[in-house]
Amino acid sequence: MAIINHRLDLVIRLIDATTGRPVDEKNVSFAKDGVPIRMIEKDGGIYYLINAGRENFELTLNIYGYEVKKLTIDYGELEERIPEKLIWLLPKNALSLEGTLKGIKSLCAVRLVTPGCFVNSYDARKNVITLFNPHNRVMQHHLYGILDSERKSFEKIYLKEEDGLKTISPTEPLRRNPGVNDPIERIIPGEVFEDGRYLLRMRDDADKIEVLVRFEADDREYFQKVELHGAGQDELDREKAFRDEGKETEVETQ
């Protein structure tokens, strides 16, 4: 009897950048290095490839209602056992923060709303954040920001798996020791392009949508508050932004 072996060569999870929820749109197409391919669909915005090989390639996604997405699948950055890639998609029908900024390298934001979750304490030795979580929100959207008390900056943290209600464990130790009651908000990823263009989208679901934008340019980290209803072209400006000077609060590990 012949033995047929199958190898899982790629898993992608499609996430709406504005909501953090899976993209379940069925009108999708994929291309590998410009050649159309068929990916096997699973519920919850999950697609996968079997016995496709593990050479690096450019993946193009064309999904109804979202901007076309192009990215490199680099197997050196993925786990060998289950090579999984989260892909954040920008909806077309949403408020935009867009323009061109020379030297921009990355872009994301947190929404400045009444916080729903806060830092209670941080154990640096165990790399565990204990939460004050009055609404019992499950931390499940992978990317979060811990804001400082003045809401002028935030530290990005990444949760690889859905975490609990009372504690969370970032994949990397924190750079700064957070204060008690520092807010924790979900990060909205944006996108930057090689020619200096940038793009961030937010659903238009309130009269005022204020965000704190984090962008990297010239090897520096900047933060700028923006009200998206009034945002114009090329709104991001180094002169208007708060600049991170690289000062870090010592984290006690004893």
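Procedures and definitions
- Residues numbered from 1 in each chain as written.
- Predicted model: local features only at pLDDT ≥ 70, side-chain atom pairs only at ≥ 80, totals over all residues.
- Heavy atoms only, no water.
- Phe/Tyr/Trp six-rings, centres within 6.5 Å; stacked < 30°, edge-to-face > 60°.
- Lys NZ or Arg CZ within 6 Å of the ring centre and 35° of its normal.
- Buried < 20%, exposed > 50% of the residue type's maximum accessible area, 1.4 Å probe, protein only.
- Helix = DSSP H or I, 4+ residues; strand = E, 2+ residues; numbered from the N terminus.
- Pairing = 2+ DSSP bridges.
- Axes fitted to C-alpha atoms, helices over the stretch in contact; angles between N-to-C directions.
- Salt bridge = Lys/Arg side-chain N within 4 Å of Asp/Glu carboxyl O.
- Core = buried A, V, L, I, M, F, W, Y, C linked by side-chain atoms within 4.5 Å.
- Contact = heavy atoms within 4.5 Å.

A. Summary view of the packing of aromatic side chains. Taken as a whole and judged by the stated rule, the model has four aromatic pairs. Sitting over the ring of F57, K32 keeps its end group 4.9 Å from the ring centre. One residue, R197, lies across the ring of F193, its end atom 4.2 Å from the ring centre.

B. Quick look at the pairing of strand β12 (residues 128–132). Side chains of β12 alternate between two faces, with I129 and L131 buried and V128, T130 and F132 left unburied. The pairing of strand β11 (residues 118–123) with β12 spans five bridges and is classified as antiparallel. Within β12, the position partnered with S121 by the bridge is T130. A loop of four residues connects β11 with β12, the two strands running antiparallel in sequence, and N127 in this loop sits at a positive phi of about 55°. Of the strand pairs in this sheet, β12 and strand β15 (residues 167–168) are connected by two bridges, and their pairing is antiparallel. Bridging from a neighbouring strand, I129 pairs with I168 of β15.

C. Fine view of the sheet that holds strand β17 (residues 191–192). Ordered in space as β9-β18-β17, the three strands form an open sheet in which the pairing is antiparallel. What marks the edges here is a single partner per strand, and that holds for β9 (95–100) and β17. Bridge count between β17 and strand β18 (residues 197–202): two bridges; the pairing is antiparallel. Opposite V192, over in β18, you have Y198 as the bridge partner.

D. Up close: the sheet that holds strand β5 (residues 46–50). A sheet is described by the order of its strands in space; here four strands give the open sequence β4-β5-β1-β8, paired in mixed fashion. One side of each edge strand has no neighbouring strand; the edge strands of this open sheet are β4 (40–42) and β8 (84–89). When the angles between neighbouring strand axes are averaged without regard to direction, this sheet yields 25°.

E. Representation of the pattern of salt bridges. Throughout the structure, instances matching the rule amount to 14 salt bridges. Two residues, R54 and D9, come together in a salt bridge whose shortest N-O distance is 2.9 Å. Here D9 lies in strand β1 (residues 8–16) and R54 lies in the loop between β5 and β6 (57–63), a separation of 45 residues in the sequence. Here R214 makes a salt bridge to E221, at a shortest N to O gap of 2.5 Å. Note on accessibility: R214 and E221 belong to one class, buried. Connected through salt bridges with shared partners, the residues R175, R214, E216 and E221 form a single ionic network.

F. Expanded view of the nonpolar core. If you look at the biggest cluster of nonpolar residues, it comprises 20 residues, and the most contacted ones within it are L97, V211, V213, F215, L228 and L236. Going through the elements one at a time, β9, β10 (104–111), β18, β19 (210–217) and β20 (220–227) are the ones with two or more residues in this core. Considering each element in turn, this core owes the most residues, four residues, to β19. Once residues within four sequence positions are removed from consideration, L97 is found in contact with Y198, L199, L200, V213, V226, L228, A231, E235 and L236.

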